[in-house]
Amino acid sequence: MVDLEREFQSPSSGFRGVPFWAWNGKLEKDTLQEQVSVFQKMGFGGFHIHVRTGLDDQYLGTEYMEAVSTVVEKAKECELKAWLYDEDRWASGAAGGFVTKEQKYRQKYLLFTPFSYDEVGPSAPPRGFLFPHKRSCEGKLLARYEVILDKVGCLENYRRVQDGDKSEGQIWFAYLECARDNPWYNGQAYVDTLMPEAIERFLEITHQSYKEKVGAYFGETIPGFFTDEPQFAKKNTFAYPESMTDITMPWTEDLEKFFYNAYGFSILDRLPELFWNLPDKQYSEARYAYHDCVAELFSKAYFQTYRKWCEKNKVKFTGHLMEEPTLQSQCSAVGETMRCYPYLDVPGVDMLRKDMELTTVKQAQSSSRQYGREGVMSELYGVTGWDFDFRDYKFYGDWQAALGVTLRVPHLSWMSMEGEAKRDFPASIFYQSPWYQEFPYVEDHFARTGWAMSKGDAVVRVGVIHPIESCWLLWGPESQDGTAREQLDKNFLNLTEWLLTGSIDFDFICESTLEKQCRQGGFPLQVGKMAYEAILIPGCITLRKTTVERLEWFQKDGGKLIFLGSVPQCINGKPSEILSGLFEKSKVLDFQKNVILDALSDLREIQIFDADGKRSDKYLYQLRKEKKRNMKGYTFEFDISKVMFDEQYKSDEYETVTLYFFAPKEWLGGLYPEAISAEISVEYSVAHPEAIYATVMMSPTRVTDNNSVEDYDWYDIVLLPTEIEQLMDLAMKALREEAETRVLAKEEKA
């Protein structure tokens, strides 16, 4: 117990913030060593070496690597952690342009256009990080199509055509193009994140260089690598089905081959279905498969390749993706965030400004729990300005801590304010701020919070099927599908907020990983390390066949399956009526806050009320269950099957009820060798018989001289409300059986 108190009072560097240290000027040894000491004085647990605009030395060059070695050695001396950010600025993957000097490793995209290269020339070259891809006229033709739309703008007919074929409809061209030179990537381009060989080259140039210089510190002073905003070429939609404009979508050289092997047909044969809707409100299986394919290529090529290197070299892998918060944003940039998180040792998010993206953090937290990871990383406080004060640092850190963030990466600590560096995103959480020496107040608070949030296991009883795959089916023209996408996103955001602020914690369930996480259904639904008693399906259009199979067994075994809104119409993106039977046997609710919260009331762990008795919607919580309970420095594991009801005592004077139970001697942890068993008491007020108001204690028992059993040393212990309910249910059952036995004996006597 003393050790726990000491750890809580002064958590180690592993629970403290590790800010981005902006290397944005000339790297001088004395300055770097002095600033490492400043991180220590501010209460931080270390730093991330992060190259920013203004670096005056060659990235990954000799002087740069000597500077890395210097600060790592100083970090070890100060017992700090030196994380390695993996890129020259961002987004990760190009190694500052060294990777993409080779054209084959550059990002690829599909240009779909009604204008051939002969008809329209190239657009202006890109000029920055978020500059959209436009036609270069330097690609290769993949296919031509004749497209005929019906009177409402849906596909009436389409076909691939060859040179010389006669056509009645509009001809469209599909070109494979490559990212052009961009000043943001030092005159090169971004990397092809759908190509494993390109990411292997990135790791060879960047990570292997660090290994050769400071690899001896891997796994200790250097915990691991941070990857920032990897993405593929953004997906787009037409504004109107009649639009005669260029449109781009992510692609790679081997996509057609990969797609055919995975889905059994050519995506090029059905390419128009990516852009236009089928008639009669049909959904396109080809469109669904394309989005699934790109998401799979991205997760495997980038994240799986990266993780293998980290595992081999015994370092952790953390970071975050691009465009995480909404269904539309993640679909456009990464396909599906939760498919990528299993490869991260600490799944991460990016929380800029004063944003409160509950969905962003909840997705990462869900994966972290299901895969048994140590917590969630957040890059936070970025772009908040110079007037962001300690109240803000605490509030915007607190709500994320409640959703599982244990590794905080404050953005940003400037090495220098000289020249162009001063124009980086403020504020600088470092020596430039007048309050920097008082920052331990903030860091001590979050270090203790992170320490507490890393103990035990999360208590969660509700799972929500993530609806991202339904968004794929709605990736059609804005004028046709835009409203439906917005409604799907609104439901996604609302449900997340309603449950969390309604004091019902939950996890998202990722369909693409569910098959591996849950080998079969049943009750509760076991998804990796977590188990759920209720599953919500939030207005999905499609579900995977593997998901449906598991939900059928879950419902059959007594699980609570709730459909919000209408029944999904597709299986794996293909129209199907398989779900109608499951839908009819399940609870079906309108997409309304109170209706949903009421339906889950029996699964609620805690209740929070305002002073006026109104249920509060202002708070977030996280409930964690220690695998063992402390009692005077010893521990035990609660198991209701090992408990036996003893007796009930009612106090008229205090208007209380106390229930007594016998428990195994082993729960005393060897503290009382003379004891014959443990005894547990549960005391509650007659006016408030709920478990959350009960007091729980434990005592050893022994045999007295007259051969009776007595308790003799009571201590408070902590049980979850659900465990207290189990004890109360056990007592009520025993008391009912006792009463029935007395009635039966009385009748027999009569």
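This text goes with the structure placed above it.
Just so you know, these numbers come straight off a predicted model, no measurement behind them. Sequence order as written defines residue numbering, which begins from 1 separately in each chain. Under the rules for a predicted model, residues below a pLDDT of 70 receive no local features and side-chain atom pairs below 80 are neither given nor counted, while totals for whole chains, interfaces and linings still include all residues. Working from all heavy atoms in the structure, the side-chain values ignore hydrogens and water.

Enquirer: Explain the sheet that holds strand β4 (residues 108–113) here, please?
Expert: Strand pairing in a sheet is mediated by backbone hydrogen bonds. Such pairs are either parallel or antiparallel. At least two bridges found by DSSP between two strands is the condition for calling them paired. Every helix listed is a DSSP run of H or I at least four residues long, and every strand listed is a run of E at least two residues long, numbered separately from the N terminus. Taken together, the five strands give an open sheet; going across it, the order is β6-β5-β7-β4-β9, and neighbouring strands pair in antiparallel fashion. What marks the edges here is a single partner per strand, and that holds for β6 (155–161) and β9 (247–251). Going from strand to strand, the sheet's axes swing by 25° on average, the running direction of each strand aside. Sheet topology note: the β4/β9 ladder contains five bridges and is antiparallel. The partner of Tyr109 across the bridge, within β9, is Pro250. Lines fitted to the C-alpha atoms define the axes, with helices restricted to the stretch that makes contact. Angles between their N-to-C directions range from 0 to 180 degrees.

Enquirer: Help me understand the packing of helix α4 (residues 196–205) against helix α5 (residues 207–214), please; the structure alone is not making it clear to me.
Expert: Packed helix pairs are specified by the crossing angle of their axes together with the interaxial distance, meaning the distance between the axes. Two elements in contact, α4 and α5, have axes separated by 3 Å at closest approach and are oriented at 25°. Classified by the interaxial angle, the pair formed by α4 and α5 is roughly parallel. For the pair α4 and α5, the contacting residues are Phe202, Leu203, Glu204 and Ile205 in the first and His207, Gln208 and Ser209 in the second. Working rule for angles: under 35 degrees goes down as roughly parallel, over 145 as roughly antiparallel, 65 to 115 as roughly perpendicular, anything else as oblique. Two residues qualify as a contact provided that any one of their heavy atoms is within 4.5 Å of a heavy atom in the partner residue.

Enquirer: Quick question: what am I supposed to make of the packing of aromatic side chains here?
Expert: Describing an aromatic ring pair means giving the distance of the ring centres and the angle of the ring planes. Ring pairs shown here join Phe, Tyr and Trp side chains whose ring centres sit within 6.5 Å, with only the six-membered ring taken for Trp; geometry is labelled stacked below 30 degrees between planes, edge-to-face above 60, and tilted in between. For the structure on display, the rule yields 67 aromatic pairs. Geometrically, the ring pair formed by Phe390 and Phe439 is edge-to-face, given 5.7 Å between the ring centres and 85° between the ring planes. Note that Phe390 is positioned in helix α10 (residues 390–402) and Phe439 in the loop between β14 (413–414) and α11 (440–453), a separation of 49 residues in sequence. The side chain of Lys362 reaches across the aromatic face of Phe506, ending 5.1 Å from its centre. We call a charge positioned over a ring when the NZ of a Lys or the CZ of an Arg lies within 6 Å of the ring centre and within 35 degrees of the ring normal. Its guanidinium or amino end placed over the ring of Trp475, Arg485 lies 5.3 Å from that ring's centre, counting from NZ or CZ.

Enquirer: Looking at this structure, how should I read the environment of Arg160?
Expert: Here Arg160 lies in strand β6. Residues Arg160 and Trp172, twelve residues apart in the sequence, show an inter-C-alpha distance of 9.5 Å. Not counting residues up to four positions away in its chain, the partners in contact with Arg160 are Leu142, Ala143, Arg144, Tyr145, Ser266, Leu268 and Asp269. Nitrogen and oxygen atoms within 3.5 Å of one another constitute a polar contact, given that in protein one can donate a hydrogen and the other can accept it, and given that sequence-neighbouring residues count only through two side-chain atoms. Polar contacts involving the side chain of Arg160 include one to the side chain of Asp269, which spans 2.9 Å.

Enquirer: So what exactly am I meant to see when it comes to the environment of Ile724 here?
Expert: In this fold, Ile724 is placed in helix α18 (residues 721–749). Between buried and exposed lies partly exposed: a residue is buried under 20% and exposed over 50% of the maximum accessible area for its type, with that area taken using a 1.4 Å probe on protein chains only. Owing to a relative accessible area of 5%, Ile724 belongs among the buried residues under this scheme. With 634 residues separating them in the primary sequence, Ile724 and Trp90 have C-alpha atoms 50 Å apart. Residues in contact with Ile724, not counting those within four places in the same chain, are Val682, Ala691, Ala694, Val696 and Leu719.

Enquirer: Even after reading the chapter, I still don't get helix α7 (residues 285–312), so can you show me in this structure?
Expert: Each α-helix turn comprises 3.6 residues. Residues three or four places apart therefore point the same way. The terminal C-alpha atoms of α7 lie 39 Å apart, and with 28 residues this matches the ideal 40 Å at 1.5 Å per residue to within 8%. Bending is quantified residue by residue as the angle between axes fitted to the seven-residue window ending at that residue and the seven-residue window starting at it. Largest kink in α7: about 25°, centred on Lys300. Counting buried positions along α7 yields 21 of 28 residues, so the element is predominantly enclosed. In this structure Ser284 caps α7, since a side-chain oxygen of it lies 3.3 Å from the backbone nitrogen of Ala286. Positive backbone phi, at 60°, marks Lys314, one or two positions downstream of α7. Expected helix span is computed as 1.5 Å times (number of residues minus one).

Enquirer: Would you mind showing me how to read the pattern of salt bridges here?
Expert: Whenever a carboxyl oxygen of Asp or Glu lies within 4 Å of a side-chain nitrogen of Lys or Arg, that contact is scored as a salt bridge. If you walk through the whole model with that rule in mind, you get 43 salt bridges. Between Glu7 and Lys455 there is a salt bridge whose closest N-O contact spans 4.0 Å. In this pair, Glu7 is assigned in helix α1 (residues 2–9) and Lys455 in the loop between α11 and β15 (457–458), connecting sequence segments 448 residues apart. In this structure Glu7 comes out as partly exposed when scored by relative accessible area, which is 35%. Salt-bridge contacts for Lys234 lead to Glu323; the nearest nitrogen and oxygen are separated by 2.9 Å. Of this pair, Lys234 sits in the loop between β8 (224–228) and β9 while Glu323 sits in the loop between β10 (316–320) and α8 (327–333), and the two are 89 residues apart along the sequence. Taking the relative accessible area as the measure of exposure, Lys234 reaches 31% and is therefore partly exposed. When salt bridges with common partners are traced through the structure, they connect Asp292, Glu296, Lys300, Glu336, Arg339, Glu469 and Arg544 into a single cluster.

Enquirer: Any chance you could explain the side chain of Ser586 here in plain terms?
Expert: With respect to the helices and strands, Ser586 occurs in the loop between α16 (579–585) and β25 (587–589). A distance of 2.6 Å separates a polar atom in the side chain of Ser586 from a polar atom in the side chain of Gln555. If sequence neighbours within four positions are ignored, Ser586 has contacts with Gln555, Leu561 and Phe563.

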